[in-house]
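# Tertiary structure, described
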Protein chains: 2
Amino acid sequence: MINDLAAREDGPVRVSGWVEKVRDQRHVQFVVLRDESGAVQLVNGGVLREPDPENPRSDILVPRTRTISELTHGTFVTVGGELQHNERVKLGGVEIQIDEISVVTAALPDNPVADDSGIDVRLDWRFLDLRRPEQNLVFRIQTTFLHALRQVWVDRGLIEIQTPKLMASASESRAELFEVEYFEGKAFLAQSPQFFKQMAQAAGFGGIFEVGPAFRADPSFTSRHATEFTSIDMEISWVDSHVDVMDLHEELMVAGISAVEEKHGEEIQKLFGVELAVPSRPFPRIPLAEAKEIVKAEGYEIPRADADMDPEGERRIAAHVKQKYGYDFVFLTDYAASIRPFYHMRHEGDASLTNSYDLIYHGVEISTGAQREHRIEVLEAQAVEKGMDPAELGFYLDFFRYGVPPHGGFGMGLNRVLMLMLGQSSIRETTYLFRGPNRLLP
Amino acid sequence: MINDLAAREDGPVRVSGWVEKVRDQRHVQFVVLRDESGAVQLVNGGVLREPDPENPRSDILVPRTRTISELTHGTFVTVGGELQHNERVKLGGVEIQIDEISVVTAALPDNPVADDSGIDVRLDWRFLDLRRPEQNLVFRIQTTFLHALRQVWVDRGLIEIQTPKLMASASESRAELFEVEYFEGKAFLAQSPQFFKQMAQAAGFGGIFEVGPAFRADPSFTSRHATEFTSIDMEISWVDSHVDVMDLHEELMVAGISAVEEKHGEEIQKLFGVELAVPSRPFPRIPLAEAKEIVKAEGYEIPRADADMDPEGERRIAAHVKQKYGYDFVFLTDYAASIRPFYHMRHEGDASLTNSYDLIYHGVEISTGAQREHRIEVLEAQAVEKGMDPAELGFYLDFFRYGVPPHGGFGMGLNRVLMLMLGQSSIRETTYLFRGPNRLLP
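Residues numbered from 1 in each chain as written. Chains lettered and ligands numbered in written order. Predicted model: local features only at pLDDT ≥ 70, side-chain atom pairs only at ≥ 80, totals over all residues. Heavy atoms only, no water.

All names here are of chain A. Taken domain by domain, chain A comprises domain 1 (2–105) and domain 2 (124–430). On the side of domain 2, 4 residues touch domain 1, which itself brings 5 residues to the contact. Of the roughly 410 Å² buried between domain 1 and domain 2 on both sides combined, carbon and sulfur atoms contribute 48%. Of all residues in domain 1, Trp18, Arg34 and Glu36 give up the largest surface area on contact with domain 2, accounting jointly for 72% of the area buried on that side. Applying the counting rule to domain 1 against domain 2 returns 0 salt bridges. Summed over the shared surface of domain 1 and domain 2, the result is 1 residue pair in polar contact (both at pLDDT 80 or more). The class makeup of the residues in the side of domain 1 that touches domain 2 is 2 nonpolar, 1 polar and 2 charged. (Domains from an automatic or database assignment. Contact = heavy atoms within 4.5 Å. Buried area = accessible area lost by both parts, 1.4 Å probe. Salt bridge = Lys/Arg side-chain N within 4 Å of Asp/Glu carboxyl O. Polar contact = N/O pair within 3.5 Å; in protein donor to acceptor, adjacent residues only side chain to side chain. Nonpolar A, V, L, I, M, F, W, Y, C, P; charged D, E, K, R; others polar.)

A few words on the relation of the copies chain A and chain B. Both copies of the chain are tied together by a single rotation about an axis and a shift running along it. Rotating chain A by 180° and moving it 0.0 Å along the rotation axis overlays it on chain B with an RMSD of 0.1 Å. In short, the pair behaves as if placed about a two-fold rotation axis. Of the C-alpha atoms belonging to chain A, the one lying closest to the rotation axis is found on A:Val180, 2.2 Å away. Mapped onto chain B, 99% of the interface residues of chain A are again interface residues, and the two copies thus contact each other with one and the same surface. (Least-squares fit on C-alpha atoms with pLDDT ≥ 70 in both.)

In many reports, interface size means the accessible area that the parts give up when they come together. Counting residues at the interface gives 96 residues for chain A, matched by 95 residues for chain B. For the pair chain A and chain B, the summed buried area comes to about 7,800 Å², and 68% of that belongs to carbon and sulfur atoms. Looking at the side of chain A facing chain B, the largest losses of area belong to A:Phe127, A:Tyr402 and A:Tyr432, adding up to 11% of the total buried there. Counting every contact that joins chain A to chain B gives 2 salt bridges. Between B:Arg150 and A:Glu160 there is a salt bridge, and its shortest N-O distance comes to 2.8 Å.

What follows is the structure in structure tokens.
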């Protein structure tokens, strides 16, 4: 790997990677070669453009010089040569004197992505876009973040499940449902693993987690929505309220961000200009009603008829929290029952409020969590009140008829977390292959 | 947690779980309570059936006695009481003298699943079926197995990706493709992440891995097929051949099985009667043609017109390997090009064979791996030869036009691995919620 070179002693090495840049000077050729770990400068000191009978190495030097002259951006090559440490080389302090170079696969000369290409062109050629060091870093961060979360879950004895994405009915709302031709009938794509992670509670699994795709037939084109996204889900038994869920949620965020900071903090600073802060616990927690009062007092009237906050309100309360407490995170809690799904548990003694929360990160909602209603009579009544068809929910309601512990959990959008962590403007930048109403390719 | 009780000293405890059994004797009541960690015996020594004015604790004892009498199987309860170590108690050597017991959620009295219920009834009520200790263990094993694999990948610097499951075209065969209504058009569900994990190679990601769902509109009803299953995928750059893929594949299997053996070996022995063996490396590797000769020499003529082996042939070669080398695993290698997908690389100098393998575990195929063809001209010709439409593959073929390293990888069915590891007869037993042509519920 290229980033291992600096630690090696001078001597023969072989490296492989793709051509990032070629400087073809009269007497010397330079190639910047990149692999997934970094970049290194290759040098050909033996430039010979035309056969020279006087030069005994003419047969080697001429083809090598021509090969390098013809290298196109992105071509994959394998190189053998001498590693030399050289302080004057800005790129890592080493360079490789080329002995031999062979083209593994050539790239077409015209790169369809230019430095100033817009997001749509970049997504059309996502595999080229992903070669940029920032983009590569996004997915190494993703790897570290998810692994840290899973380590917490595994250490606590939670069980990893894979819930089915093919369902017989809607799990959230009929409106944003993808329909699948399923043999002679129909199936639907899971909008979330909600029902199935609650099933694990009835099954006595205790705590469970899943990282997997979720699907929403959402026709919107915002920077935060996709028709397919990666959902991070957890559900735990024996909670007293949503507070227990927030506590573990917090612990996960701190573990994930700490691991990312430790492993990639310097690179994030360099490539994104972001100083990653590891938050202390607990994160600020503000009931939604209070948050609305705060932004109102600061001069913003939320332009919504329902009890919810709008994205601008979320930005403002986040700015308030950042300024007052220094946090990038805030839990907004106790949402009104009118804007929460039927399966959220309501306050004991005040059915207008739920035991629920949203987690806001850098002013944007990344997660919804709640204690779930586990009492079948109450659950059924809430479903009916929300206009759901109990017959269609039959299989789900059955989970609650044979004993189930009090439980709660959250779902969190991975791509949003990464977008906000790295100060990006769209989840298109932090999704491996974005899917939207107009985008199914590549 | 219940399995922590044995290590605790005698004294007051609180536990929660579901009722597995009630023995309601005249003067004493026993309850077996289970949580996800294990089971414990509860004892009510203060049985009092009717109010007794002579007894000062009558008001407490009568309701408690009645509560216990009425407990139904599966009801979730919370219990406070005195922990007592007692060697005569078979169940863990401890019992709890009940001080108070409260029902969290009651279960309906008639359990729809009986001890002798068939697999279909059990799947209808999967959440009750999953309460069986064997079933709970399956998913704790899954957790341990996947975490061990990911640890190897992360330690080696591989990148975790989530590839889209919504695609514009088929990734494997048109025949087994699910179609999705996608706004005004159509999408298809990914049959494998094949194209997208190869895209990561063109993107210079080096090595990548993914654990996620794959979808096959396969109308068959065998014990090994599902319409949705969990696929474990890996792809690595700079391989010399499929041998490099097999080497890492082996390492992963050993790491996964070691971790499972260490953490769950005893329980597996107890609940499944299986002595889990951690294999040494390398696993036996036999070219398919040779494997066919071996089973033929042992008296089995493979009843197939094409060059492939049939399931019975796989069982027989596995038995041969087990007997001769003591291995539960065998790599069958160098499959004929005629029975492999167009993207498998063929032998240099013999285009009739591919750089590919299947991994057989306990006689059943669990994985297919290969070096991929990365030379665009060859790849395109092989696609055409296989009757694929290059126009429809355009986005995929583009991956190879801008430089790509030699690479290879495998896809492996998680549910099959678990089925075979635990000596189960069907992946229905080792899938959280099985999906088949007739099954979309729960």
